[in-house]
Structures are given as C-alpha cells and as structure tokens.
Amino acid sequence: MEATEDSKPDSKAQKDAAPKARVSSASLLGVLAALGCETLFGLSYLFTKSATNAHATELALLAWRFIFAAAFMLLLVALRVIRLELRGKRLGPLLLISLFSPVAYFVGETFGISHTTASETGIILGACPVVTLVAAALILRIKPKLRELFGIFIAVAGVVVATVAKGIEASFNVFGY
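Given the structure is predicted, the values throughout are model-derived calculations rather than measurements.

Caption draft 1: Representation of unusual backbone geometry in the model. Pro102 follows Ser101 through a cis peptide bond whose omega is 25 degrees. Along the chain, the position of Pro102 falls in helix α4 (residues 92-115). In the Ramachandran plot, His55 falls in the positive-phi region, its phi being about 75 degrees despite a non-glycine side chain. One can find His55 in the loop between α2 (25-53) and α3 (58-78).

Caption draft 2: Expanded view of the pattern of salt bridges. Summed over the entire model, instances satisfying the criterion amount to 2 salt bridges. Measuring nitrogen to oxygen at the nearest pair gives 3.1 Å for the salt bridge that ties Glu109 to Arg65. One end of the pair, Glu109, is in helix α4; the other, Arg65, is in helix α3, and 44 residues separate them in sequence. Of the residues examined, Glu109 reaches a relative accessible area of 8% and is grouped as buried. The partly exposed category is assigned to Arg65, whose relative accessible area is 27%. As a salt-bridge pair, Arg87 and Glu85 come within 3.8 Å of each other at their nearest N and O atoms.

Caption draft 3: Summary view of the environment of Phe153. Examined against the element boundaries, Phe153 turns out to sit in helix α6 (residues 146-166). A relative accessible area of 56% means that Phe153 is categorised as exposed. Taking the C-alpha atoms as reference points, Phe153 and Pro129, 24 residues apart in sequence, are found 9.6 Å from one another.

Caption draft 4: Local environment of the packing of aromatic side chains. Under the counting rule described, the total for this entry stands at 4 aromatic pairs. For the pair Phe41 and Tyr45, a centre-to-centre distance of 5.1 Å together with 85 degrees between the ring planes defines the contact as edge-to-face. Here Tyr45 and Phe41 lie together in helix α2, a separation of 4 residues that amounts to about one turn. With relative accessibility at 10%, the residue Tyr45 sits in the buried group.

Caption draft 5: Structural view of the packing of α3 against α4. Packing of α3 against α4 brings their axes to within 10 Å, and their N-to-C directions diverge by 135 degrees. With respect to α4, the axis of α3 lies oblique. For α3 against α4, the interelement crossing comes out right-handed. Residues Glu58, Leu59, Leu61, Leu62, Arg65 and Phe66 of α3 form the contact with α4, whose participating residues are Pro102, Val103, Phe106, Val107, Glu109, Thr110, Phe111, Ser114 and His115.

Caption draft 6: Broad picture of the side chain of Thr48. Along the chain, Thr48 turns up in helix α2. Judged by relative accessible area, which is 1%, Thr48 ranks as buried. Excluding anything up to four places from it in sequence, Thr48 contacts Leu61, Arg65, Glu109, Thr110 and Ile113.

Cut-offs applied
- Residues numbered from 1 in each chain as written.
- Predicted model: local features only at pLDDT ≥ 70, side-chain atom pairs only at ≥ 80, totals over all residues.
- Heavy atoms only, no water.
- Helix = DSSP H or I, 4+ residues; strand = E, 2+ residues; numbered from the N terminus.
- Salt bridge = Lys/Arg side-chain N within 4 Å of Asp/Glu carboxyl O.
- Buried < 20%, exposed > 50% of the residue type's maximum accessible area, 1.4 Å probe, protein only.
- Phe/Tyr/Trp six-rings, centres within 6.5 Å; stacked < 30°, edge-to-face > 60°.
- Axes fitted to C-alpha atoms, helices over the stretch in contact; angles between N-to-C directions.
- Parallel < 35°, antiparallel > 145°, perpendicular 65-115°, else oblique.
- Left-handed = near helix turned anticlockwise from the far one by under 90°.
- Contact = heavy atoms within 4.5 Å.

This is the structure we're talking about:
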C-alpha cells in the first residue's frame, strides 16, 4: 500500500503534538531549595566579611552562628518538622566527623575570610569545585562527565569575571590561606 500525501507523517505536526516535558513539583521544590541554599551560602561570606570588618572577633561570630543554628534546629525538632532519633546510635563517629565539618570548616572559613581580601576569597572558593573534581578523579578514579566539566568552567569563569570586574586585590596574609 502506497502512502499518500495525506498519510505521510508530518514531523513538525508530530513534534507540536508531542506532550511537553513537565517539571514535577518535587523537582521544582528541589531546584528552589538548592537555589535558596546557594543564596544563603553566598550571603554568608558577605555577612562574615562585613561582621569581621566591623570589629567582631572571629570566635564571637562563630559562637553566635552556632548558637543560632542550634536554636533553629532545636525549634525544627520541637515542631516535628524534622525527626531526630539518637537512641541506640553510635555517636562517637558523628562527633568525630563534626570536628571537621562543620567545626574545622567554619573556623577556617571565618578566619580565612577575615584575613583575606574579597578577591582572594572569591578565587579560593571558585577553585573548590576544581579541586574536588581533580581529587575525585585521582583518589576515587571517577572520570568527570562533560556536563560537570562545563558546569565548573562556567562557575570558574563567573568568578574570574566578577573578580576582574571589581579589581584584583591581594593581602598575602598567611593566616587567611
């Protein structure tokens, strides 16, 4: 049976008739949560730099940061927004790892931000994804995907553009590095 002009598939019509890809509400919530998290993460550097420039000590700033974080988490537990079940759990490994993250990380971050310029902080933070990717490749033998390389390229390019646009300044303070 020969196909007539009317029975031939029209690819444009088929594409138009194809169902549109929809983003699930869970995916949208995840994207919004990630955007919120990264916004808070970025603003924390501005807050830390402003607070330490306004003569707040690094340790006082850390104390207030941890007090507010603990109070907020306890409120979420009390309101049963999150569940915390520690009975029968080994707390030693949790306490050990918490010395590195968040304690050592935030101590290093706060002292580093207060003793370096904004340019240096931006460059160091921009290098973090690159270092993570290289470490994963060398230590875990994970070959980076093309989209990961592209994403890191975009992030590093953004840091370079922002840093160069503002003007590169350096303190060369050993306590900041």
